[in-house]
Every structure is written in structure tokens, then in C-alpha cells.
Amino acid sequence: MQRTPLYHIHQQSGGKLINFAGWEMPVQYTGILTEHQNVREKCGLFDVSHMGEIYIQGPDACSNLQYLLTNDVARLQINQVLYTPMCAHNGGIIDDLLVYRLGKEQFLLVVNAANTTKDFNWIQANCSGDLLLEDRSTQYAQLALQGPLSRDVLQQLTALDLTQLKYYWFVKGEVGGEEVILSRTGYTGELGYELYLDPGKAERLWQEIMRAGREHGIMPIGLGARNTLRLEKKFCLYGNDIDQHRHPLEAGLAWTVKFEKGDFIGREVLLQYQAEGYRDQLIGFKLVERGIARHGYKIQYNGEDIGVVTSGSFSPTLEENIGLGYIEQQYVGIGNQIEVVIRRNNVKAELVKTPFV
Amino acid sequence: MRLPEELLYTEDHEWVLVEGDQATIGITDHAQAEMGDFVFVELPEAGDRFNQFDQFGVVESVKAVSDVYIPLSGEVIEANQSLLDQPELCNEDPYGRGWLIKVKLSEQTEVASLMDKEAYARFLEEVE
């Protein structure tokens, strides 16, 4: 199993380590509910160094990304970040990722850990012209500092004016004495930052941030709370809510598909879906009877199968049991009643507005 | 890891307190620590009968769903209703207020097949 440069820190901090996509990662330190609440109310520090980084540079880099990705990379300014799916020809989602425009002809793609090799091979097989493509995953550690107090904590460690850093923009600079890429991005729906740096410096920066955050009640946060935090905001998790059998339109990601930008992989099929419609839609629900929905549970209406749960959990913020799932379009509508099949029992649920929180 | 002397234990990390022909059953401190914050408990009703090691309920933490198995055959006398609203009692007090069910035993000889504190402690060392 692979380990991040912060492995020893996790051990020392009482992190409970699990296998996540081939990586030995902390699922929790003090407890998922406590960590979740701490990020919503104060702030927390995550090790997300398992994420992959793919570097693309060259005169043809931008045009190739335009063809590979559904969102509009050409509109991206230098120092701006973009969220986008990458689709196959049939519209299925190969991965969802962030594009960092480092320069006019330089881009960094931040991809899901489990998909790094698959993505790299796909990009390599589908790009052409004058460009350089590199898997730089081992050259970056990634920390995420998230929560309403994250700016106050980070500002103590840098001369950069963080109030000037807008959502989905980044700067290169010094934080805690280390050279980083600092972006105002995250997976929690809170004010927050992600920092990319030399793996050899990650342990020191982690400790610097923890020290600076002590008076703000900072905590280390594991993947367990990362999941409940993202679910409450309806951020898709690859492998759960989206995969190669689902396309961006049914996943509620139509805002990331820019048909007008020109040709891209999957465009033809997605245009057809847009014009003619498609069967399913990703919806949010809350259970109105006792039970917790989990990935893979069936969704029914009057005992007939109409879909499947893709994510489900107790919501620490709402103290209700919530979930995401695909159901057939005709059953979609806020307030509509559905049933989740939990251990052979049909448990009543209701479609609700998302994000949940 | 707390392991009270007076309890018997199973390899599925349930504990049982036998008092005459009745028993109180719960999950061990080790099990609750492994699972993390409990958020849901599903228990049988009074009158339900189970054979030894049958599944009798389900406990869920934020991350995991786990079946629980009855250490001894018998008929459920009472299920811990407090857990419906406060599943966290299983984390906070696994051997006390976090108990799951009380059972009237039907085969008291089965007690011999369970582990005492020392045997369970050795078992935990082996599986760690």
C-alpha cells in the first residue's frame, strides 16, 4: 500500500488508518462527527496527498484539454481553477478533476487517486501535437485547510493577502516558509484552501498550520468526515455518484458541459441526450422513517424499482439521514415520496432540495 | 480497552452478562472503537427467538454497517429503546447504558462455548 509523506504524522496524531484506493489513509482521528462539526464551525486540516497531479505543457496543451474535457478550459485565466468532468466517447465520466492554469501553455490537472493511471493513459492516447505530458503525482503533497476560520489561520503564516484570493483562483507563494501553490478550493463547501508542495516539506508545513491553528480550535480531519462534509453539499464522489456508466447531464453537472466551445470527446452523445432526454437524474433525499441509505441500495416507488442509492449517510449537521441516488426522471420533484430498500424493508424517503446544507 | 471480568465474549465482539436464566447482551469496547460514532441501531422485538450466533440486529456507524449475532440461544425479553434516539450510548458506555437486548436463555450449556475475559483479550491480540 502507498503512503503519503504525512503517514508518520497520522500515526502520531492517533489517526485510524485504512486502505483507500491503495493508499494507507486516516479515516478519522478523534471521531467523524466531532471532526465534521469542527470543520463546519471552526476549521480542520486534511491530508489529501493521495490525489494525482498530471502536468500538461505546450503550444497545443490548451486545445487538447478543450477536446479532452467538457468544461471550457480556454476561458480559464492564468491562476484560475476549473472543475470539469472528463468523458469517454459515450459520454460516460472517466473522472472529475480540477484544472489549474499555471501559465498560457501550462496546466496542472488534479485527479482522483484511484484514477491517476487510467486518466494519464486516456489523455496520452487522445492527445496530439506539440505538448509535454507528465504524471507528477509523486512530486506534490496536498493539504486542505477548510472551515470558516481557515483564512485567519493561514493568514498568520503568509505575507500573501488572502482576502484578495477569490473562489477557484490560486497563487504561488510562501506559506509557513514553504513554496506552495495555494488555491481557494475544497470539498467541504466551507471557506477553505488547498496547498500543493514538495512532499519533503509537507510534514513541516502540516505542523506549522496545526500550531497556527491551535488557538482557533483546528483539528486534523480524516476521510470519513471529508465524505460527510461533501455529501451535505452534494459534491459528487467518483466511484460512488459518478463513474463511466453515468454522464454529466444525469449527474447534475450540466453546468460543466460547454457545448458552444467546439468539439470535445462525448459532445455528440451528450448533445443527443440534451435534445432527446435521458432516463435518470441524480437527486437528493432524506429518509422520513428510521434507517440509513447506503451506496447500492435500491430505490423503489410503490414497490417498483426506479433507481439506486449512490451515497448515503447520517448528516451530522442536519441530524437526519440523507442520500443521493439516481431515479427515473418521471419520479423527480421536490417533496416526492420514494422508498429505499434497506435489508428487505422499504423505508420511506422524500426528495429534498440540494445542497442539503 | 476495557474488558469487564464478569462478562463472556464472542469472536464477533459481542459481550454477554449471564444472571441465572437471563442474559444481557451488547457489543464490546473494541467493536465500538473500531466502528466509530454509532448513528443507527436496529433491534428485535420482545418475544423474538434466536438460536445461538443468529443475527439479531444491525448497528451502523457513520462509515460502516455491521450485523450483530446473539451469543446464546433464547427469547428476547427487552430491547434497549434508548438506543433508537441515542445510538451514541454504544460508544460512550458499551458495557452499561449501551446494552442491546435482554434475553431469557433456552440452552444454558452454551455458555461453555464463549470466551472469558482472558481468552477474549488473547483473541484480540491475535486479530490485531
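Draft legend 1. Expanded view of the overall build of chain A. Each helix and strand in chain A was counted, giving 8 helices and 19 strands. Taking 2.2 N^0.38 as the reference for a compact globule, 357 residues should give roughly 21 Å; the C-alpha atoms of chain A span a radius of gyration of 21 Å, in line with that estimate. Put simply, chain A has 357 residues, and 59% of those count as buried. Restricting the contact set of chain A to residue pairs at least 6 apart, pairs at least 24 apart contribute 67%. Only carbon and sulfur atoms are counted for the fraction: they give 46% of the accessible area of chain A, which is about 14600 Å².

Draft legend 2. Structural view of the pairing of strand E14 (residues 280-287) of chain A. Residue and element names in this part refer to chain A. For E14, the tally of buried residues reaches 7 of 8 residues, placing the bulk of the element in the interior. Of the pairings in the sheet, the one linking E14 to strand E17 (residues 320-328) comprises 7 bridges and is antiparallel in character. Bridging across to E17, aspartate 280 finds its partner in glutamate 328. One ladder, built from 4 bridges, connects E14 with strand E19 (residues 345-352); its direction is antiparallel. Looking at the pairing, leucine 287 lines up with alanine 349 of E19.

Draft legend 3. The arrangement of the nonpolar core in detail. Core analysis: the largest hydrophobic core is formed by 47 residues, its most contacted members being Tyr100 and Ile181 of chain A. Every element with two or more residues in this core is listed here: helix H2 (32-41), strand E5 (81-87), strand E6 (93-103), strand E7 (106-111), helix H7 (223-232) and E17 of chain A together with strand E4 (38-42) of chain B. Among the elements that make up this core, the one with the highest residue count is E6 of chain A (4 residues). The residues touching isoleucine 181 of chain A, leaving out its near neighbours within four places in the chain, are Tyr100, Leu102, Leu108, Tyr140, Phe170, Val171, Lys172, Glu194, Leu195 and Tyr196 of chain A. If you look at the next biggest cluster of nonpolar residues, it comprises 27 residues, including Trp169, Tyr193, Leu197 and Leu205 of chain A.

Draft legend 4. Quick peek at the pattern of salt bridges. Tallied over the full model, the rule gives 24 salt bridges over all chains. A salt bridge links glutamate 232 of chain A to arginine 40 of chain A, with the nearest nitrogen and oxygen atoms 2.9 Å apart. One end of the pair, glutamate 232 of chain A, is in helix H7; the other, arginine 40 of chain A, is in helix H2, with 192 residues separating them in the sequence. Here glutamate 232 of chain A and arginine 40 of chain A have matching classes, each one buried. Between lysine 104 of chain B and aspartate 21 of chain B there is a salt bridge, with the nearest N and O atoms lying 2.7 Å from each other. Of the two residues, lysine 104 of chain B sits in strand E9 (residues 101-105) while aspartate 21 of chain B sits in the loop between strand E2 (14-19) and strand E3 (22-27), which places them 83 residues apart along the sequence. Accessibility expressed as a relative area gives 43% for lysine 104 of chain B, which makes it partly exposed. Residue class for aspartate 21 of chain B comes out partly exposed when judged on its relative accessible area of 34%. Salt bridges sharing common partners tie together Glu178, Lys201, Arg204, Glu208 and Arg211 of chain A.

Draft legend 5. A look at H7 of chain A. Residue and element names in this part refer to chain A. Taken across its 10 residues, H7 has 9 buried, putting it largely inside the fold. In this fold, the buried residues of H7 make contact with strand E1 (16-20), strand E2 (23-28), H2, strand E3 (44-47), strand E16 (304-315) and E17. A positive backbone phi angle near 55° is found at lysine 234, which sits one or two residues after H7.

Draft legend 6. Expanded view of the environment of leucine 17 of chain A. All names here are of chain A. With respect to the secondary-structure elements, leucine 17 resides in strand E1. Sequence-wise, leucine 17 and leucine 162 are 145 residues apart; in three dimensions their C-alpha atoms are separated by 33 Å. The residues contacting leucine 17, other than those within four sequence positions of it, are Tyr7, His10, Gln11, Glu24, Met25 and Pro26.

Draft legend 7. Expanded view of the interface of chain A and chain B. Counting residues at the interface gives 17 residues for chain A and 16 residues for chain B. Here chain A meets chain B over a buried area of about 1400 Å², counting both sides, of which 50% is carbon and sulfur. At the junction of chain A with chain B, the criterion picks out 4 salt bridges. Two residues, glutamate 42 of chain B and arginine 343 of chain A, come together in a salt bridge whose shortest N-O distance is 3.0 Å. Where chain A meets chain B, there are 10 residue pairs in polar contact (both at pLDDT 80 or more). Elements that contribute at least two residues to the side of chain A that touches chain B include exactly E2, H2, H7 and E16 of chain A. Residue contributions to the side of chain A that touches chain B peak at 3 residues, all from H2 of chain A. Class assignment of the residues belonging to the side of chain A that touches chain B gives a composition of 6 nonpolar, 7 polar and 4 charged.

Draft legend 8. Representation of the domain arrangement of chain A in the model. When cut into domains, chain A gives domain 1 (7-48 + 140-232), domain 2 (52-133) and domain 3 (279-352). Distance between the C-alpha centres of domain 2 of chain A and domain 3 of chain A: 34 Å.

Draft legend 9. Molecular detail of the sheet that holds strand E7 (residues 65-69) of chain B. Residues and elements named next belong to chain B. Spatial ordering of the open sheet is given by E4-E6-E7, a layout of 3 strands whose pairing is antiparallel. Only two strands of the sheet have a single partner each, and these edge strands are E4 and E7. Taken over all neighbouring pairs, the strand axes of this sheet differ in orientation by 25° on average, direction set aside. Where strand E6 (residues 55-61) and E7 come together, 5 bridges link them in antiparallel fashion. Counterpart to valine 58 in the pairing with E7 is aspartate 67.

Thresholds, definitions, all that
- Residues numbered from 1 in each chain as written.
- Chains lettered and ligands numbered in written order.
- Predicted model: local features only at pLDDT ≥ 70, side-chain atom pairs only at ≥ 80, totals over all residues.
- Heavy atoms only, no water.
- Helix = DSSP H or I, 4+ residues; strand = E, 2+ residues; numbered from the N terminus.
- Rg over C-alpha atoms; globule rule 2.2 N^0.38 Å.
- Buried < 20%, exposed > 50% of the residue type's maximum accessible area, 1.4 Å probe, protein only.
- Contact = heavy atoms within 4.5 Å.
- Areas by Shrake-Rupley, 256 points an atom, 1.4 Å probe, with all protein chains shown as cover.
- Pairing = 2+ DSSP bridges.
- Core = buried A, V, L, I, M, F, W, Y, C linked by side-chain atoms within 4.5 Å.
- Salt bridge = Lys/Arg side-chain N within 4 Å of Asp/Glu carboxyl O.
- Buried area = accessible area lost by both parts, 1.4 Å probe.
- Polar contact = N/O pair within 3.5 Å; in protein donor to acceptor, adjacent residues only side chain to side chain.
- Nonpolar A, V, L, I, M, F, W, Y, C, P; charged D, E, K, R; others polar.
- Domains from an automatic or database assignment.
- Axes fitted to C-alpha atoms, helices over the stretch in contact; angles between N-to-C directions.

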